[in-house]
Structures are given as C-alpha cells and as structure tokens.
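# Residue-level structure breakdown
What follows is each chain in one-letter form.
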Amino acid sequence: MRESYYGFHGRVLEIDLSQGDIRVKPLGAAMIADYLGGRGLAARLFYDAVDPQCDPLGPENVFALATSPLLGTNAPTAGRGHMVFKSPLTGIIGTSNSGGTWGAAFKATGYDAVIVKGRAPAPVFIDITQAKVEVLPANHLWGLDTHQTTDALTAEGEPGSRPKVLCIGPAGENLVRIAAVMNDKNRAYGRCGPGAVWGSKNLKAIRVAGKAKIQVQDKERYQSGYEQALYLIQQAPITKRLLRELGTSGLVELINVINMLPHKNFADSAHLEENLEKISGETLAKTLLERAGGCFLCSMGCQRHTRVETGDGKSERGEGPEYETVVMMGPVCDVYDLEAITRANYRCNELGMDTMSFGGSVACAMELFERGYLRPEATGGLELRFGNAGILEQLARDTACRRGIGDLLAEGSFRLANRFGHPELSMTVKRLEIPGYDPRASFTQALGYMTSPTGACHLRGGYAVSLAFFGGAKEIPRFSLLQSPIAVRNMQNKGILQDSLGVCRFTGFAFDTGPWARMMTGVTGMDFSEARLEEIANRTASLERLFNIEAGATADDDRLPPRFSEVPILVAGEEKTVSVEAQERMRRDYYEVRGWDRAGRPSESLIRSLRIGGRTK
C-alpha cells in the first residue's frame, strides 16, 4: 500500500511491450517535490529508464508521459500532459506537450504517469481504467487515421463519460520522423516526432477512462491562488478577449509589424500587406470560423473550429489552423491561400503529423527545387516551387505514406537538404525546424532557439517574443547582447514550470508564478514557494542538458543556420543579422547564468546543489 498523498495518486504505470509486462511503481512525495509533475517528472522518469545512446526507433527507446498534482482540481487550464522521449528527428531529448482533455482523463484513472518501453510483436493499444490495465490487439486499427481511430475506440460508453484516446495515424505507423501523437482528434503532442516512436513500438493508441479523485490539503490557500489566477485571466486583454476573437492566427499581423514574420524558407521577412490580409486571424474569423473552443478548464477559447469548401458543393470541418501552421505552410512557403493551408492542416491532423516541421520541410524542398539541387525526376513531376499552394494537401498525404517525394520530406528538412548536398538550406537547430518567428528580429528569440533542449522551439527555448512585445512593457531591448542570456534563462524556466504544472502557456500573459505557487502548496501541503519553483526549473533544465550531452550533443550544436548570420533582414529600416560573434557571446553568457561550464555541461557543484544525482533505475 502506498502512503496517502494530496494532489497525486502516488502511482506510475510501467509497461514493457516486448515482454507484455505491466507494473505499478510507487511515486513518492520526494519526487514530486523535486520535479513537480508534467515535464519535470517525465524528464526524470525518462532519464532513469533509457540509455542515451539508444536508437530512437529501436525497442530500447522509452517514452514517459506525466501529469501534475494540479490535474484533478479546477485550476485554470490544468489538463495538459507532457511526453518525453529520445527524438528520431534530432537524436536528443524530445519533449511534447498537449492540451485537450486526455491528460485530465488519464489522471482520473488513478495514475500520475506512464512509462512505455519495448516493442510489441504486432500492433496493440493500451487500455487503462481504474479497474485494470490491458495491452490489446490493434490490427483492426492499423492504417486508420487519428479521427477514425478515436471514433472506433470511443464508440462504447455513454455520452459525457466516454473514454479519451491518444493515438497515432499513418504518419506514425510509417515512422515519419515528424509524426505527432494526437488526442481529442486535433490536439497534438506534435514536435520532435513522438508519433514515430509510438509507431516503432507498434503502439497505436492509449485509451483511458476513470473517475479517481485527488484530495486538496489546504483548501483555503489553494482557493486564494485559484481566485487570483481566474481574476487575472478574465482581466488581461489577451486572455480575456483577443485569443477568443482571433485565436493564435491573430498574431500574423502583429509579428509582421515587428519584422519577425518569415518568408520563403527564412530568406527574408518582407510581405505585401494585401497578401497578409488573406491569411490573417481577422480573415479566418470572417471566412472560415464556425466557433471558438477551449481545452479542459480553459476560458480563453483560442481553438478555431473551421469549415472549408471542397469544390464540389460540399464542405469539410476541422480544427485550426493555428498561427504556426498558417506561417509555416503559408509565407514560409510563399503561400497566401488560407483555404489551401487549412485543408493541408486538416490532413496533417488526421494523418498525425507536426504542421511546423512539415511546413519547414516543404519550404526547404521548394528552395532546393528552385535552385536546381532537387530535380523534377526526384519529385515525381511535382513543381515544388514557392507559392504553389495546390500541392500542400497532396504533399501531406505523400509524406505520411512515405510516397514519392514524401518519403524524403518524412525525414525532415535537415536530412532532405543534406541528401542533396546543401544542409545550409535546412532552417533547423539541432535538426528541428525553426518555428514562425525570424530570429534575426530578436536576439532573445535567437538565443532561445539556440539553447532549447529539443532544438529550435519557441516554447522549450523560451517564448521570448512575448517577453519583448506582448502587453506593451517591452521589458528588454530585443537586440541586447547583455540582457538576452538572463532573459532567455528566465523565460525558459517559466516555460518549464508551466509544462510541469500541466497548464497553458497563455496563462503567462495574465500572471506569473505567484498564483501557481499558492495553488500547488495548497493542493499538496508541500513547500512550493516561488523560490522552490525556480529551483525545480533549474533542476529540470540541467537534467535535460545532461541527457543531451550523454546522447552526443555538444556546445557546437547550440547555433543557428548560417543564413541568419550571413543574410540580413530589414528591422525598423536597419539591416539585422545574428552574427557568429554575437551567437558565441550570448551562448557563453547563457551557460554562465545557467551554472554550466564553457562546454555547456552543468558543473559538478551545480549537479550536487540541485540534487540531480545519477540514474536511479
């Protein structure tokens, strides 16, 4: 019997698909105190269970998926889960985060986390309830898309109490390195290729259903944090109104105003205003939007439930596109056709694929094609030219099925560009495609991409654009070599905490960590002061870094592609790059504020002070 806990169940589910073994391991309060939940907890469980040198698509790879003690309460947006694995795209740590309802439903089964290792001999799905855990045949599901799989596995049960499904589509089955894992049909654990990890394990889905509750230790303290958080969300303009009205695609015009909106595989950031109007959040709201929606316990409502015409007098419905999808399949490919982007987004959701890496890989292919490095005979006759909106949907299908040129796109842009002798045309850091913010327009964003543990990621690297521009404070100059390392460290830590708390990043537009500290302390009865939360964030950052070093990453990987130091863009009338010297200085200073040595390795004294220790398996 486990001891009684507040806020969590004290149980980790461990499943070995090779052996068919299912075990329940205890999760003690000390682990929660050190790693919180979500990203921090999943990183620790993963680190203890995996060989950093393993083949990401081999049975030795492991994924860990964890929730937070806040899940099971009514804390705003507290429904997210976090998955950690070795990425088949980058070869280092992969982390992905998803909203929707699955995370809260998993917590209600009576478990705090699940670790999956090995490889099933045939397709399977995992069924988790409070009563039992089973690994069941999934041959009948193999080949289905994520919507079909979800429908098949939720057909049983009464409306309102049906199970929730996390699954892969054909992209994951075909080991596409940019494959996602989807829940609620259109919510994605998207970045770094987790879908391919599931496919390599012959794991099609995890279905969950339960009604397990958690206890709150100090209801009064919890309530004080909850009420303040809710009040601030309802008062801040972005979280109160703008996200519901325009969704994340409402950022298109704003990011262009600050010269950060990328164009043509990041060749520049110049756009015709009439083109941007075609893909703006305002245009999406007027032409395609049917209704706004929200994830579990979220009042912000940034989801876009949309409809597009199919050309035969009929229409189809889906979710999105989000800002990143609009930009990466749009201007980055020189495409300004919102309906074409939306249809391709639908296909990526159904097939189970990361829209950011897909768009970045297509843009890379377009540049290779236009420069003559990728010949028509390799594309099956497709004109992979910038601006060709008509091929996006077909390329999504071909990539998920590894068909024709899609087989090369399925490897991601770095492997694609390298195959044709021009890796410099892949806009990646650590082989992960750069999202829709040009780093030449902000040193903070540049350094965030460089030092993100997963490769180029505006979330794992620190959402620096929000620090400098959203809310009007402009806390730091965006071209400050001196302040950027500290600012990026702080933003990354804030993101680690949000990922570990199981809450939405957008809450950061309304308030900082104070309300969360009171809620966590109230739920668990443990000390989760703001200082303690900062310590947890630093511990998680250094643990992720240790794994990457053990997997073979070096300080030399913490750099931008040469385009960003060699080709300037215009920012407020001035030509801007991120020079190699600027990158080296910021990287050096960032290591210092992290407590890492000049090679980017956490110092022994830091490891001791953070009580990280070695593997505990």
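These notes cover the structure that comes with them.

## Details of the overall build of the protein chain
Of the regular secondary structure elements, the protein chain holds 26 helices and 19 strands. In terms of overall dimensions, the protein chain is globule-like: its C-alpha atoms have a radius of gyration of 23 Å, near the 25 Å expected for 617 residues. In terms of principal-axis extent, the alpha carbons of the protein chain reach across some 65 × 55 × 45 Å. Looking at the protein chain alone, contacts between residues at least 24 apart form 69% of all its contacts between residues at least 6 apart. Taken as a whole, the protein chain presents about 21700 Å² of accessible surface, with 48% of it coming from carbon and sulfur. Across the protein chain, 72 positive and 72 negative side-chain charges occur, with their mean positions spaced 3 Å apart.

## Description of the sheet that holds strand S5 (residues 93-98)
Hydrogen bonds along the backbone pair up the strands of a sheet, which may run parallel or antiparallel. In spatial order, the strands read S2-S1-S6-S3-S4-S5; together these six strands make up an open sheet with mixed pairing. Two strands close off the open sheet at either side, each with one partner strand: strand S2 (21-26) and S5. On average, each strand axis in the sheet is inclined to that of its neighbour by 15°, with strand direction left out of account. Bridge analysis of strand S3 (residues 62-66) against strand S4 (residues 81-86) gives four bridges, and the strand direction is antiparallel. Bridge pairing links Leu65 to Met83 in S4.

## Looking at the side chain of Asp48
Residue placement: Asp48 occurs in helix H2 (residues 38-49). With a relative accessible area of 7%, Asp48 lands in the buried category. Reaching out from Asp48, the side chain makes a polar contact with the side chain of Arg44 at a distance of 2.7 Å.

## Looking at empty space enclosed by the protein
Counted under the stated rule, the structure contains four cavities of 30 Å³ or more. Approximately 150 Å³ is the volume attributed to the second largest cavity. Along the walls of the second largest cavity sit 19 residues, with Thr451, Ser452, Pro453, Arg545 and Trp596 positioned nearest its centre. When residues of the lining of the second largest cavity are traced back to their parent elements, those giving at least two are helix H21 (484-501), helix H23 (530-550) and helix H25 (580-594). If you tally residues by element for the lining of the second largest cavity, the top one is H23, at five residues. Its residues assigned to classes, the lining of the second largest cavity comprises seven nonpolar, five polar and seven charged.

## Overview of unusual backbone geometry
In this structure, the amide linkage connecting Gly320 to the following residue, Pro321, adopts the cis form with an omega of 15°. In the Ramachandran plot, Asn265 falls in the positive-phi region, its phi being about 55° despite a non-glycine side chain. Along the chain, Asn265 falls in the loop between helix H9 (251-257) and helix H10 (273-279). Judged by its relative accessible area of 2%, Asn265 falls in the buried class.

## Description of helix H7 (residues 219-235)
The terminal C-alpha atoms of H7 lie 24 Å apart, and with 17 residues this matches the ideal 24 Å at 1.5 Å per residue to within 8%. Buried residues of H7: Tyr222, Gly225, Tyr226, Ala229 and Ile233, and no others. Along the axis of H7, the buried positions cluster into a sector of 100°, meaning they face one direction only. Against helix H8 (237-246) and helix H22 (514-524) lie the buried residues of H7.

## Considerations on the sheet that holds strand S7 (residues 124-129)
Read from one edge to the other, the open sheet built from six strands follows the order S8-S7-S12-S9-S10-S11, with strand pairing classed as mixed. Here the strands that pair on one side only, and so sit at the sheet edges, are strand S8 (133-137) and strand S11 (187-189). Here the average twist between neighbouring strands, direction ignored, is 20°. Taken together, the five bridges between S7 and S8 define a ladder with antiparallel strand orientation. The residue of S8 that forms the bridge with Ile128 is Val133.

What counts as what
- Residues numbered from 1 in each chain as written.
- Predicted model: local features only at pLDDT ≥ 70, side-chain atom pairs only at ≥ 80, totals over all residues.
- Heavy atoms only, no water.
- Helix = DSSP H or I, 4+ residues; strand = E, 2+ residues; numbered from the N terminus.
- Rg over C-alpha atoms; globule rule 2.2 N^0.38 Å.
- Contact = heavy atoms within 4.5 Å.
- Areas by Shrake-Rupley, 256 points an atom, 1.4 Å probe, with all protein chains shown as cover.
- Lys, Arg positive; Asp, Glu negative; His and termini not counted.
- Charge placed at Lys NZ, Arg CZ, Asp CG, Glu CD.
- Pairing = 2+ DSSP bridges.
- Axes fitted to C-alpha atoms, helices over the stretch in contact; angles between N-to-C directions.
- Buried < 20%, exposed > 50% of the residue type's maximum accessible area, 1.4 Å probe, protein only.
- Polar contact = N/O pair within 3.5 Å; in protein donor to acceptor, adjacent residues only side chain to side chain.
- 1 Å grid on protein atoms, 1.4 Å probe; cavity = no way out; pocket = protein on both sides within 12 Å on 5 of 7 lines; lining within 4 Å.
- Points joined across faces, edges and corners; volume = space filled by probe spheres on them.
- Nonpolar A, V, L, I, M, F, W, Y, C, P; charged D, E, K, R; others polar.
- Expected span 1.5 Å × (residues − 1).
- Arc of directions from axis to C-beta.

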